[in-house]
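What follows is each chain in one-letter form.
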Amino acid sequence: MPLTLTGFLICRSLEEADRVSYLLPEHIRLTRAELGCVRFEVWRSRADPVRYAVHEIFTSREAFEAHQLRAGASEWGRATRGIPRDFQISEG
């Protein structure tokens, strides 16, 4: 059953948001190469440059959980661990 995540990554400063922008291309590349990744999009808001909109679709909860483990152990995961997130997850 597909799993979809939508929401926002909300940085606390422009410096933090710029660090996210720097790390994002590699994070996107690695995530899109993962088994079970159907869609992975992250956009920086033009109106509020500390906010990033996130839309992810994985083929299953297992694929999503594998992504979470890989991403959490990566440079991206270490650098963004404390950044607030406002995500909703749905299945089906």
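Residues numbered from 1 in each chain as written. Predicted model: local features only at pLDDT ≥ 70, side-chain atom pairs only at ≥ 80, totals over all residues. Heavy atoms only, no water.

**Student:** Would you take a moment to explain the pairing of strand 2 (residues 37–44) for this structure?
**Tutor:** If a strand is regular, its side chains alternate between the two faces of the sheet. Here strand 2 runs beside strand 3 (residues 51–58); their pairing, made up of seven bridges, is antiparallel. Pairing of Glu-41 across the sheet is with His-55, part of strand 3. (Pairing = 2+ DSSP bridges. Helix = DSSP H or I, 4+ residues; strand = E, 2+ residues; numbered from the N terminus.)

**Student:** What exactly am I supposed to notice about the environment of Leu-9 here?
**Tutor:** Within the element layout of this structure, Leu-9 appears in strand 1 (residues 3–10). In sequence terms Leu-9 and Asp-48 are 39 residues apart; their C-alpha atoms lie 12 Å from each other. Not counting residues within four places of it along the chain, the set of residues in contact with Leu-9 comprises Val-20, Val-50, Arg-51, Tyr-52, Val-54, Trp-76, Ile-83, Pro-84, Arg-85 and Phe-87. (Contact = heavy atoms within 4.5 Å.)

**Student:** Would you explain the sheet that holds strand 4 (residues 85–91) in this entry?
**Tutor:** Hydrogen bonds between backbone groups are what pair the strands of a sheet, and the pairing can be parallel or antiparallel. Spatially, four strands are ordered 2-3-1-4 in an open sheet, and the strand pairing comes out antiparallel. Taken across any chain shown, the strands that pair with only one partner, and hence form the sheet edges, are strand 2 and strand 4. Here the strands of the sheet are splayed against their neighbours by 10° on average, with no regard to which way each runs. Taken strand by strand, helix 1 (residues 14–32) contacts strand 1, strand 2 and strand 3, and its axis lies near 160° from that of strand 2. Along the sheet, helix 2 (residues 61–72) makes contact with strand 1, strand 2, strand 3 and strand 4, crossing strand 3 at roughly 135°. (Axes fitted to C-alpha atoms, helices over the stretch in contact; angles between N-to-C directions.)

**Student:** Quick question: what am I supposed to make of the packing of helix 1 against helix 2 here?
**Tutor:** Remark: helix 1 packs on helix 2, axes separated minimally by 11 Å, with the N-to-C direction vectors making an angle of 145°. Our pair here, helix 1 against helix 2, has a crossing hand that is right-handed. Contacts from His-27, Leu-30 and Thr-31 of helix 1 reach helix 2 at His-67, Arg-70 and Ala-71. For the contact of helix 1 with helix 2, the residue count by class is two nonpolar, three polar and one charged. (Left-handed = near helix turned anticlockwise from the far one by under 90°. Nonpolar A, V, L, I, M, F, W, Y, C, P; charged D, E, K, R; others polar.)

**Student:** Help me understand the nonpolar core in this model?
**Tutor:** Where a protein is soluble and globular, its nonpolar side chains tend to be buried together. With 20 residues, the main nonpolar core has Leu-9, Cys-11, Val-20, Leu-24, Val-42, Tyr-52 and Trp-76 as its most contacted residues. When residues of this core are traced back to their parent elements, those giving at least two are strand 1, helix 1, strand 2, strand 3 and helix 2. Filtering out sequence-adjacent residues up to four positions away, Trp-76 remains in contact with Leu-9, Val-20, Leu-23, Leu-24, His-27, Ala-71 and Arg-85. (Core = buried A, V, L, I, M, F, W, Y, C linked by side-chain atoms within 4.5 Å. Buried < 20%, exposed > 50% of the residue type's maximum accessible area, 1.4 Å probe, protein only.)

**Student:** Looking at this model, I keep getting lost on the packing of aromatic side chains. Mind explaining?
**Tutor:** For the structure shown, the criterion picks out one aromatic pair. Between Phe-58 and Phe-64 the ring centres are 5.7 Å apart and the planes differ by 65°, which places this aromatic pair in the edge-to-face class. Across the pair, exposure class does not vary: Phe-58 and Phe-64 are buried alike. Stacked on the ring of Phe-8, the Lys or Arg Arg-51 has its end atom at 4.2 Å from the ring centre. (Phe/Tyr/Trp six-rings, centres within 6.5 Å; stacked < 30°, edge-to-face > 60°. Lys NZ or Arg CZ within 6 Å of the ring centre and 35° of its normal.)

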